[in-house]
Amino acid sequence: MVFLGCNASELVAHYSVDALRQLAIKFLERGELPNFRFRKDFLRPFEIIMARNRSAQTRELVVACCSNLVEAHAPRIKSGWRNLFSVWTLAAGDLQKDIAEAAFSASSRVILYQFKEDFASILDAFQTLAEFACNTNHPDVIMEAIRRIRSCGEYVSVNQERIVEAPWEESWSVSGDQRIWLRGWFPIFSEPSCIINRCKLDVRTRSLCVMFEIMKNHAVNSVPSGGEISST
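Residues numbered from 1 in each chain as written. Predicted model: local features only at pLDDT ≥ 70, side-chain atom pairs only at ≥ 80, totals over all residues. Heavy atoms only, no water.

- Under an unreviewed UniProt entry, the protein has the name Mon2/Sec7/BIG1-like HDS domain-containing protein and belongs to Ancylostoma caninum.

### Some details on the side chain of N83
Piece 1. For N83, the position within the fold is in helix 5 (residues 81-92).
Piece 2. Setting aside residues up to four positions removed in sequence, N83 forms contacts with R39, K40, L43, R44 and E47. (Helix = DSSP H or I, 4+ residues; strand = E, 2+ residues; numbered from the N terminus. Contact = heavy atoms within 4.5 Å.)

### Some words on the packing of helix 8 (residues 139-158) against helix 10 (residues 176-198)
Piece 1. The interhelical angle for the contact between helix 8 and helix 10, taken along N-to-C directions, is 165°, at an axis separation of 9 Å. It follows from the interaxial angle that helix 8 and helix 10 lie roughly antiparallel. When the axes of helix 8 and helix 10 are compared, the crossing they make is left-handed. Together, I146, I149, C152, G153, V156 and S157 of helix 8 and G184, W185, I188, P192 and I195 of helix 10 make up the contact between the two elements. (Axes fitted to C-alpha atoms, helices over the stretch in contact; angles between N-to-C directions. Parallel < 35°, antiparallel > 145°, perpendicular 65-115°, else oblique. Left-handed = near helix turned anticlockwise from the far one by under 90°.)

### As for the nonpolar core
Piece 1. F46, W81, W88 and I195 are the most contacted members of the largest nonpolar core, which has 59 residues in total.
Piece 2. When residues of this core are assigned to domains, at least three map to each of domain 1 (1-122) and domain 2 (134-166 + 174-222).
Piece 3. Not counting the four nearest positions on each side in its chain, W88 is found in contact with C66, V70, W81, A103, A106, S107, V110, T128 and F132. (Core = buried A, V, L, I, M, F, W, Y, C linked by side-chain atoms within 4.5 Å. Buried < 20%, exposed > 50% of the residue type's maximum accessible area, 1.4 Å probe, protein only. Domains from an automatic or database assignment.)

### With respect to helix 5
Piece 1. Taking 1.5 Å per residue as the helical rise, helix 5 with its 12 residues ought to reach 16 Å, and the 16 Å between its terminal C-alpha atoms agrees with that figure.
Piece 2. Among the 12 residues in helix 5, 10 count as buried, and that is most of the element.
Piece 3. Among the residues making up helix 5, those that are buried are W81, N83, L84, F85, S86, V87, W88, T89, A91 and A92.
Piece 4. Against the buried residues of helix 5 lie helix 3 (38-52), helix 4 (56-77), helix 6 (97-113) and helix 7 (125-133). (Expected span 1.5 Å × (residues − 1).)

### A look at the environment of S107
Piece 1. Examined against the element boundaries, S107 turns out to sit in helix 6.
Piece 2. Spatially, the C-alpha atom of S107 lies 9.9 Å from that of V87, the residues being 20 residues apart in sequence.
Piece 3. Every residue in contact with S107, bar those within four places of it in the chain, is listed here: F85, W88 and F132.

### Section: the pattern of salt bridges
Pairing between side chains becomes possible if they bear opposite charge and their charged atoms approach one another.
Piece 1. Counted according to the given criterion, the structure contains eight salt bridges.
Piece 2. Of the charged contacts, one joins D18 and R21 as a salt bridge, the two residues approaching to 3.0 Å between their closest N and O atoms. Here D18 pairs with R21, and both are found in helix 2 (residues 10-30), just three residues apart, close to one helical turn.
Piece 3. With relative accessibility at 30%, the residue D18 sits in the partly exposed group.
Piece 4. Across the pair R150 and E213 runs a salt bridge whose closest N-O atoms are separated by 3.5 Å. Here the residue R150 occupies a position in helix 8, and E213 occupies one in helix 11 (residues 201-217), the gap between them amounting to 63 residues.
Piece 5. A relative accessible area of 27% means that E213 is categorised as partly exposed. (Salt bridge = Lys/Arg side-chain N within 4 Å of Asp/Glu carboxyl O.)

### Examining the environment of R204
Piece 1. Tracing the backbone through its elements, the reader meets R204 in helix 11.
Piece 2. With a relative accessible area of 30%, R204 lands in the partly exposed category.
Piece 3. As for R204 and A133, which are separated by 71 residues in sequence, their C-alpha atoms are 9.8 Å apart.

What follows is the structure in structure tokens.
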């Protein structure tokens, strides 16, 4: 099915994407057991098609399907958020305005309204926002993306306990403060730094202001010591 979704024929590709959408809906309706990650497996085909198919119409359909899945089944996506944000990250650099704006609209709604429910999963949103901010073809989206990064800083600040409690998938153990830094503040600051290195002056300036604003407002002054990190 993924192979067909990457087909040069738009008719074949669109049929495949729609079939994947229907299949994904059926899986989402069944729910996901604790400690299982099946969602990411059956949502990954959308990510692959988005990366490999250069047809604007097919890519637009993939973004639309992902938006539809979020609108209808957001509470059930769980481990699949990473795949959806990967789709939106790929769309963020698209030259087609409709594709980039549709992806930004969908990802923004998730950040604004779903962050509280799936906080740990949606930490993957930070890279997506940075990609939107670096797409100079769509200036209207750039500043909105930077504003979203600032709001993500507020989410991290008020949800530090949830970051500590979230499942840690790495093979090495870390303290609570280190988890907050690695999964919260480090992504927050690394994305503006990417923007500063890649974008023109006005965008760099705005991104730098937001980064310092987050540090000032949320008292992020230092990196936790790495001495407590140990292999398990």
